[in-house]
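Below, each chain spelled out in residue letters.
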Amino acid sequence: MSQTSPISASDLAALLAARLCHDLVSPISALGAALSVLDDERAEDMRDDAIELLRTGANQARAKLEFCRLAFGAGGSKPAVIDMSEIRRLADEMFKDSRPDLVWKTEATGLEKPAARVLMNLIWLAVDALPRGGTVTIEAVAGEGGARLSLVSEGKKVRLEDAYIKAMAGDRPEDGFDGRSVQPYYTGLIAREHGGRADVRVEEERAVLSALIAPMSDAAT
């Protein structure tokens, strides 16, 4: 990372880890609560509820870890094309309990790993922009010229903070980075490091998140 970067490599890693841990607290806490009930001999009548809570917490934790393994991590050490069906499976599992609905209109059958990571982070940001529900329409096209990604969040009370928009463009928010604003910065960083860019614009009841990512062979030259 260059000296002109608004955040150090160590701070970036720490904040991404904080974001992951924050999202794992809820399902892990549910597992702990369920185990406490099962350990209580006086709570025999709540045993079925506790088992269901265990199942739900375990499924949510698995979905988040699988999603974040690719969105934040290497997802495997070798360069690869990630099947769109796998990206869709991970996203659908991750956000199946969220208020916005995911609408897939993807032409690409697969995306190179950098483009896949950008797409998954954009999906997360697009879902977070709709706290009261709506739809997130996902489009992805890939070819010799690279990948073109476009996500449209539509619904009431679309919310995407100015700090997120600045961060995605590579600028430091006025109050500095935190566990949430670091994610759009990381998304834009991946795109820029692979010969592309990531943008976002917010309208009254609509947010459009888009990205261009060059092919890995071009970005490496």
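Residues numbered from 1 in each chain as written. Predicted model: local features only at pLDDT ≥ 70, side-chain atom pairs only at ≥ 80, totals over all residues. Heavy atoms only, no water.

As for the overall build of the protein
Inference 1: Regarding its fold elements, the protein presents 7 helices and 7 strands.
Inference 2: Secondary structure elements in the protein, listed N-terminal to C-terminal, are α-α-β-α-β-β-α-β-β-α-α-β-β-α.
Inference 3: Against the 2.2 N^0.38 benchmark of 17 Å for 221 residues, the protein shows a C-alpha radius of gyration of 19 Å, consistent with a compact globule.
Inference 4: Seen along its three principal axes, the alpha-carbon backbone of the protein occupies a region of about 65 × 40 × 40 Å.
Inference 5: Burial status across the protein gives 44% buried among its 221 residues.
Inference 6: Taking the contacts inside the protein whose residues are at least 6 apart along the sequence as the reference set, 69% of them involve residues at least 24 apart.
Inference 7: Accessible surface, the protein as shown: approximately 11900 Å² in total, 48% of it carbon and sulfur.
Inference 8: Considering the protein, the positive charge centre built from 27 side chains and the negative charge centre built from 35 side chains are found 2 Å apart. (Helix = DSSP H or I, 4+ residues; strand = E, 2+ residues; numbered from the N terminus. Rg over C-alpha atoms; globule rule 2.2 N^0.38 Å. Buried < 20%, exposed > 50% of the residue type's maximum accessible area, 1.4 Å probe, protein only. Contact = heavy atoms within 4.5 Å. Areas by Shrake-Rupley, 256 points an atom, 1.4 Å probe, with all protein chains shown as cover. Lys, Arg positive; Asp, Glu negative; His and termini not counted. Charge placed at Lys NZ, Arg CZ, Asp CG, Glu CD.)

Points about the layout of surface pockets
Inference 1: A volume near 490 Å³ is recorded for the largest pocket.
Inference 2: Lining the largest pocket are 26 residues; nearest its centre among them are Phe95, Ser98, Trp124, Val127 and Asp128.
Inference 3: Of all the secondary structure elements, the ones that give two or more residues to the lining of the largest pocket are helix 1 (9–39), helix 2 (47–71), helix 3 (84–94) and helix 4 (113–128).
Inference 4: With 5 residues, helix 2 is the largest single contributor of residues to the lining of the largest pocket.
Inference 5: Residues that form the lining of the largest pocket fall into these classes: 11 nonpolar, 3 polar and 12 charged.
Inference 6: A volume near 170 Å³ is recorded for the second largest pocket.
Inference 7: Glu161, Asp162, Ala163, Tyr164, Lys166, Pro173, Glu174, Asp175, Gly176, Asp178, Arg180 and Ser181 are the residues that line the second largest pocket. (1 Å grid on protein atoms, 1.4 Å probe; cavity = no way out; pocket = protein on both sides within 12 Å on 5 of 7 lines; lining within 4 Å. Points joined across faces, edges and corners; volume = space filled by probe spheres on them. Nonpolar A, V, L, I, M, F, W, Y, C, P; charged D, E, K, R; others polar.)

What to know about the side chain of histidine 194
Inference 1: Residue placement: histidine 194 occurs in the loop between helix 6 (182–193) and strand 6 (197–202).
Inference 2: At 2.9 Å, the side chain of histidine 194 and the backbone oxygen of isoleucine 190 are in polar contact. (Polar contact = N/O pair within 3.5 Å; in protein donor to acceptor, adjacent residues only side chain to side chain.)

Considerations on the environment of isoleucine 123
Inference 1: As for its placement among the helices and strands, isoleucine 123 is situated in helix 4.
Inference 2: Residue isoleucine 123 is classed as buried on the basis of its relative accessible area of 0%.
Inference 3: Separated by 77 residues in the primary sequence, isoleucine 123 and methionine 46 have C-alpha atoms spaced 37 Å apart.
Inference 4: Setting aside residues up to four positions removed in sequence, isoleucine 123 forms contacts with Ala91, Phe95, Leu102, Trp104, Ile138 and Leu151.

Here we look at the sheet that holds strand 7 (residues 206–213)
Backbone-to-backbone hydrogen bonds join strands into a sheet, with any given pair of strands oriented parallel or antiparallel.
Inference 1: Reading across from one edge, 2-4-5-7-6 is the order of the 5 strands in this open sheet, with mixed pairing throughout. Whereas interior strands pair on both sides, the edge strands pair on one side only; in this sheet they are strand 2 (101–104) and strand 6. Along the sheet, successive strands turn relative to each other by an average axial angle of 15°, direction set aside.
Inference 2: Two elements, strand 2 and strand 4 (residues 135–143), share 4 bridges in a ladder whose sense is parallel. Note that in strand 4 the partner of valine 103 across the bridge is threonine 137. (Pairing = 2+ DSSP bridges. Axes fitted to C-alpha atoms, helices over the stretch in contact; angles between N-to-C directions.)

Overview of the nonpolar core
Inference 1: Formed by 57 residues in total, the largest nonpolar core has its most connected members in Leu111, Ile123 and Leu149.
Inference 2: Residue contributions to this core peak at 11 residues, all from helix 4.
Inference 3: The residues touching leucine 149, leaving out its near neighbours within four places in the chain, are Leu111, Ala115, Val118, Leu119, Leu122, Glu139, Ala140, Leu209, Ser210, Ala211 and Ile213. (Core = buried A, V, L, I, M, F, W, Y, C linked by side-chain atoms within 4.5 Å.)

Points about the confidence of the model for the protein
Inference 1: Residues with a pLDDT of 70 or more make up 93% of the protein, whose mean pLDDT is 88.
Inference 2: Within the protein, no element has a lower average pLDDT than helix 7 (residues 216–219), which sits at 65, and none a higher one than strand 2, at 96. (pLDDT = per-residue confidence, 0-100.)

Quick look at the packing of aromatic side chains
Inference 1: Overall, the coordinates contain 6 aromatic pairs when judged by the stated rule.
Inference 2: Their ring planes at 80° and their centres at 6.1 Å tell us that phenylalanine 72 and tyrosine 186 sit as a pair that is edge-to-face. A residue pair is termed long-range when its members are at least 10 positions apart, and phenylalanine 72 in the loop between helix 2 and strand 1 (81–83) and tyrosine 186 in helix 6 qualify at 114 residues.
Inference 3: When the ring of phenylalanine 95 is compared with that of tryptophan 124, the centres are 6.4 Å apart and the planes differ by 65°; the resulting orientation is edge-to-face. (Phe/Tyr/Trp six-rings, centres within 6.5 Å; stacked < 30°, edge-to-face > 60°.)

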